[in-house]
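Structural overview
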Amino acid sequence: MRLRFYALLAVVLCRPAAAAGLEQVRIYTDDDPPYVMVSPEGRVMGGTTVEKVSRVMRILGLSQSALQAAPWARAYQEAKTRPYAMVFPIAKTRERMQFLDFTFKILETDVYFYHLAARGDIRVRELDDARKYRICVVLNDYRHEYLEEQAFPRLEVSPDSTLNVKKLVAGRCDLLPSTETGMLSKLKALGLENTRMARGIKLEQLDSALYAAFNKDTPPEVIARFKAAAAAAR
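Every value quoted in this text rests on a predicted model; they were computed, and no experiment measured them. (Residues numbered from 1 in each chain as written. Predicted model: local features only at pLDDT ≥ 70, side-chain atom pairs only at ≥ 80, totals over all residues. Heavy atoms only, no water.)

**What about helix H3 (residues 72–81)?**
Put simply, the rule is: The buried label goes to any residue with under 20% of its type's maximum accessible area, the exposed label to any with over 50%, and the partly exposed label to all in between, with areas taken from a 1.4 Å probe on protein chains only. The secondary structure listing takes helices from DSSP runs of H or I that are at least 4 residues long and strands from runs of E that are at least 2 residues long, numbered from the N terminus. Arc definition: directions from the helix axis to the C-beta atoms.
Among all positions in H3, only Trp72, Ala75, Tyr76 and Ala79 are buried. Here the buried residues of H3 occupy an arc of 95° about the axis, which is enough to place them on one side.

**Focus on the side chain of serine 185**
Convention followed: Should any heavy atoms of two residues lie within 4.5 Å, those residues are counted as being in contact.
Along the chain, serine 185 falls in helix H7 (residues 180–189). Classification of serine 185 by relative accessible area gives buried; the value is 17%. The contacts of serine 185, once residues within four sequence positions are left out, are Pro33 and Pro34.

**With respect to the sheet that holds strand S6 (residues 100–107)**
Worth spelling out the cut-off: Strands are treated as partners if at least two bridges between them are detected by DSSP. Throughout, an axis means a line fitted to C-alpha atoms (over the contacting stretch in the case of helices), and angles, computed between N-to-C directions, take values from 0 to 180 degrees.
Pairing is mixed in the open sheet, where five strands are placed in the order S4-S1-S5-S12-S6. Single-partner strands in this sheet number two, and they are strand S4 (67–69) and S6. Averaged over all pairs of adjacent strands, the angle between strand axes in this sheet comes to 30°, irrespective of strand direction. Here strand S5 (residues 85–91) runs beside strand S12 (residues 210–215); their pairing, made up of four bridges, is antiparallel. If you follow alanine 91 over to S12, its bridge partner there is leucine 210.

**Focus: the packing of helix H6 (residues 161–169) against H7**
Filter applied, for reference: Here is the rule for angles: anything less than 35 degrees is roughly parallel, anything more than 145 is roughly antiparallel, 65 through 115 is roughly perpendicular, and the remaining ranges are oblique. Gly falls in the polar group here, along with every residue not listed as nonpolar (Ala, Val, Leu, Ile, Met, Phe, Trp, Tyr, Cys, Pro) or charged (Asp, Glu, Lys, Arg).
At a closest axis distance of 10 Å, the pairing of H6 and H7 adopts a crossing angle of 75°. Classified by the angle between their axes, H6 and H7 sit roughly perpendicular to one another. Together, Ser161, Thr162 and Val165 of H6 and Met183, Lys186 and Leu187 of H7 make up the contact between the two elements. A per-class count over the contact of H6 with H7 returns three nonpolar, two polar and one charged.

**Observations regarding the pattern of salt bridges**
Just so we agree on the cut-off: The term salt bridge refers to a pairing of a side-chain nitrogen on Lys or Arg with a carboxyl oxygen on Asp or Glu at a separation within 4 Å.
Applying the stated criterion across every chain yields a total of 14 salt bridges. Residue lysine 186 is joined to aspartate 32 by a salt bridge in which the shortest nitrogen-to-oxygen separation is 2.8 Å. A residue pair is termed long-range when its members are at least 10 positions apart, and lysine 186 in helix H7 and aspartate 32 in the loop between strand S1 (26–29) and strand S2 (37–38) qualify at 154 residues. The class of lysine 186 is buried, set by a relative accessible area of 5%. Here aspartate 32 falls in the buried class, since its relative accessible area comes to 15%. Of the charged contacts in the structure, one is a salt bridge between glutamate 78 and arginine 82, with a shortest N-O distance of 3.3 Å. Via salt bridges that share partners, Arg119, Asp121, Arg134 and Asp174 belong to a single interconnected network.

**With respect to the state of the cysteines**
To keep things clear, this is the line we draw: Note on terminology: pairs of cysteine sulfur atoms within 2.5 Å are recorded as disulfides.
For the coordinates displayed, the defined rule picks out one disulfide. What pairs with cysteine 136 in a disulfide is cysteine 173, and their sulfur atoms sit 2.1 Å apart. Because the sign of the S-S torsion sets the handedness, a value of about -110° for the bond joining cysteine 136 and cysteine 173 places this disulfide among the left-handed ones. Here cysteine 136, found in strand S8 (residues 135–138), pairs with cysteine 173, found in the loop between H6 and strand S10 (176–178); they are 37 residues apart in sequence, far enough to count as distant. For the pair formed by cysteine 136 and cysteine 173, the shared burial category is buried.

**Re the environment of glutamate 221**
Inspection of the secondary structure puts glutamate 221 in helix H8 (residues 220–232). For the pair glutamate 221 and threonine 109, spaced 112 residues apart in sequence, the C-alpha separation works out to 29 Å.

Worth remembering: the numbers are spatial, not functional.
Okay, here's the thing in C-alpha cells:
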C-alpha cells in the first residue's frame, strides 16, 4: 500500500505544472490573525495556515502570485463558483460540501463562546442558553453557518473577525464564537489584556478543523496533485 502511494506521489508531482493546468489555480484567503496575516497593501505575509499552503505551492512549483487576499465573503464566493479556485482556511459544513472539495486538512481547532469577563450577567451552560444573547459572527464563516443552522435568532453579522472583537469589547454584542488561538491573537493585536475575556462552553457539535478546499468543478488531476503535495508537506 505504501509503495503504491509513493509511486502515485512521484507521478503526480513530477508532471510539469503547466501540463496539469496548475497555472490557472487561484488560492484565496482572508486576513485572520494568527491563521492568516495580510499587510495593509493586501499582500499575504504569513500565518499558521499559510505555512502549510505555501509548502504545498512550493512542491507544485506554483508562483506566489497565485495566492490572493480578499474579504472572506468574496474569497468563499470565488471558490464556490469558479473552477480552479481554492479557499483557505475553511471549516467543513454540509452546505459547503455541495460546492467544495475539502482537499487537505491544515489545522485541528476547537471553538468556544467568549464574553467580557466583566459581564457577570452572562450565563451559558449549554448551547441553548446562548440563544437569548447577541452573538457576533463573520458573514459566511463556518460559525455563522452553524449557528444559522441551529436557528439562533440574534446573530450580529460583520465582514471581519477582528472587528467582531472590537464590537464585543464595545458591548455591541454579548458572545463571540472563536478558537482560543484566534481570540488571544486578536486581543494582542488590539492592545487588550487577555483578562478582558472569559472563555465559555465549547461548541461540541461544530467540526472546527480548518482545510484548504477547491471548487468541485476543478479537474480531478489538479485536486489529486494538491492532495499528493499536501501529503508530502506533512
